[in-house]
Protein chains: 2
Amino acid sequence: MSGKLYAIGTGPGAADLITVRAAKILGSVDIVYAPAARKGEGTSLALSIIREYISNGTEVKERLFPMTSDIAKKEEAWLGVAQEIASDINAGKEVAFVSLGDVMLYSTWVSVFERLPKGVDIEIIPGITSFALIAAKTQRPLVMDTQSLAIVPCTAPKEEIDQALVQHSCLVLMKAGTRFSELKKQIEAHKLLNYAVLVSDASLESEKRYTNLADVPESERLPYFSTILINKEWAV
Amino acid sequence: MSGKLYAIGTGPGAADLITVRAAKILGSVDIVYAPAARKGEGTSLALSIIREYISNGTEVKERLFPMTSDIAKKEEAWLGVAQEIASDINAGKEVAFVSLGDVMLYSTWVSVFERLPKGVDIEIIPGITSFALIAAKTQRPLVMDTQSLAIVPCTAPKEEIDQALVQHSCLVLMKAGTRFSELKKQIEAHKLLNYAVLVSDASLESEKRYTNLADVPESERLPYFSTILINKEWAV
């Protein structure tokens, strides 16, 4: 296989939060694969973030990764894209696969990566995570000295979130949009509402920022990409 | 205060792993503050990473943050730099403070930030963390789906590291250089050596990579910036 595959984290949303290395690579590859959650061209968020770095001669392949509980459908999408990429690499192409945030952290990339045939030359370029940006924007540190940090998705079991709230000085809850009402109650039970901030769609035009979780109504309808940052050492 | 302060994460070591935004800001500020752990000019690692982005007209202020257990000495350094920055901002200067990795994660920046007077206009630019780069380099994912990740410094109590090894599917141990022998025994007790990789000085010239912790002698002398990544779902 004579081509090469670059997996590139686009960062959380703003075009200038990608790395200098990623920008350079995107300007030189033959093909860019971008995941989309909905049908139709131009729906890939990752693509919209990095489009300005892509050269005119580069082919863009938006590919649908359906958000569904139907595992067979997901499997089909992951395997299909893995095979298509392998075929491009075999033909000697330089290929980039882009994904939001960091490609090794809750990313579609890993599901494609696992299904690639052996022998593909892969280079992975890390990206800025949403929680690093949220800490920066709200000016709330993540961890210092001997403190520890846990990153937990809101789809994790309730007991796991409870344990993390007790054991770590800082907790990041990813994808909080889907279960916000329960989460707010749970954080309140730990008396930590005043230590929590919430940011949705960080660095996108639709960004919303709540600097004290106590101010957000439980009934609030939040976007999928909502992140809660709780730091017990820093009351709001 | 008419100036502005940018806190900039330089990423883990390679110059092209800073963000496009950071590169642009570094090219336009009046003054760059860079922390050094030893006396003498040119010893700041953060400065060496980003020097190529600094304009000729920019003043560089390397400042010593001694690595000592003497809290009074540390406090003096943090406060001194905070006051000096505030004075520059008061004089209308655009100032950058650079620090390794991400500035909100185990960073000197937070200690300076806490000591700045109210009213300083601050913008924080996130950086790539060492653990994101290590996952990328060793091609080992951090987390997927409902999995959780803990970031724990090796200076944390032994019990806390034990708990994190049990509870999270992925664990990052930061600054593992100082306590490697004990850590290796501890990870072995959990039967997780074959799930662990270790990288020192990631993306620096002195980088060392061990793709299976079982292969690293307990007696190995490792650099301060050594990171262990354990993912229970991915045997080496």
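Residues numbered from 1 in each chain as written. Chains lettered and ligands numbered in written order. Predicted model: local features only at pLDDT ≥ 70, side-chain atom pairs only at ≥ 80, totals over all residues. Heavy atoms only, no water.

For the rest of this paragraph, the subject is the packing of helix α6 (residues 158–167) of chain A against helix α6 (residues 158–167) of chain B. Two elements in contact, α6(A) and α6(B), have axes separated by 12 Å at closest approach and are oriented at 165°. Taken together, the axis directions place α6(A) and α6(B) in an arrangement best described as roughly antiparallel. Considering only the axes of α6(A) and α6(B), their crossing is left-handed. Between α6(A), through Glu160(A), Gln163(A) and Gln167(A), and α6(B), the contact on the second element is made entirely by Glu160(B), Gln163(B) and Gln167(B). (Axes fitted to C-alpha atoms, helices over the stretch in contact; angles between N-to-C directions. Helix = DSSP H or I, 4+ residues; strand = E, 2+ residues; numbered from the N terminus. Parallel < 35°, antiparallel > 145°, perpendicular 65-115°, else oblique. Left-handed = near helix turned anticlockwise from the far one by under 90°. Contact = heavy atoms within 4.5 Å.)

Our focus in this paragraph is the state of the cysteines. Defined simply, a disulfide is a covalent bond joining two cysteines at their sulfur atoms. All names here are of chain A. Here the structure, examined in full by the defined rule, presents zero disulfides over all chains. With no disulfide of its own, Cys170 has Cys154 as its nearest cysteine by sulfur position, at a separation of 14 Å. Cys170 sits in the buried class, given a relative accessible area of 0%. (Disulfide = S-S within 2.5 Å. Buried < 20%, exposed > 50% of the residue type's maximum accessible area, 1.4 Å probe, protein only.)

To continue, consider a nonpolar patch on the surface. Residues and elements named next belong to chain A. Residues Met67, Tyr224 and Phe225 make up a contiguous nonpolar surface patch of roughly 300 Å² in combined accessible area. Looking at the secondary structure, you find Met67 in the loop between β3 (59–64) and α3 (71–90). Residue classification places Met67 among the exposed positions, given a relative accessible area of 56%. (Patch = residues over 30% accessible without salt bridge, like charges linked within 9 Å, V, L, I, M, F, W, Y side chains within 5 Å. Areas by Shrake-Rupley, 256 points an atom, 1.4 Å probe, with all protein chains shown as cover. Salt bridge = Lys/Arg side-chain N within 4 Å of Asp/Glu carboxyl O.)

Let us now look at the relation of the copies chain A and chain B. Turning one copy of the chain about an axis and sliding it along that axis gives the other copy, so a rotation and a shift relate them. The transformation that overlays chain A on chain B combines an axial shift of 0.0 Å with a rotation of 180°, and the residual RMSD is 0.0 Å. Taken together, the turn and the small shift mark the pair as related by a two-fold rotation axis. In this assembly, 98% of the residues forming the interface of chain A have copies in chain B that are likewise at the interface, indicating an isologous arrangement. (Least-squares fit on C-alpha atoms with pLDDT ≥ 70 in both.)

So, about the interface of chain A and chain B. Listed per partner, the contact involves 50 residues of chain A and 49 residues of chain B. Summed over both partners, the interface of chain A with chain B comes to about 4,200 Å²; 64% of that surface belongs to carbon and sulfur atoms. There are two salt bridges connecting chain A and chain B. Linking Arg21(B) and Asp16(A) is a salt bridge whose minimum nitrogen-to-oxygen distance equals 2.9 Å. There are 21 residue pairs in polar contact (both at pLDDT 80 or more) connecting chain A and chain B. (Buried area = accessible area lost by both parts, 1.4 Å probe. Polar contact = N/O pair within 3.5 Å; in protein donor to acceptor, adjacent residues only side chain to side chain.)

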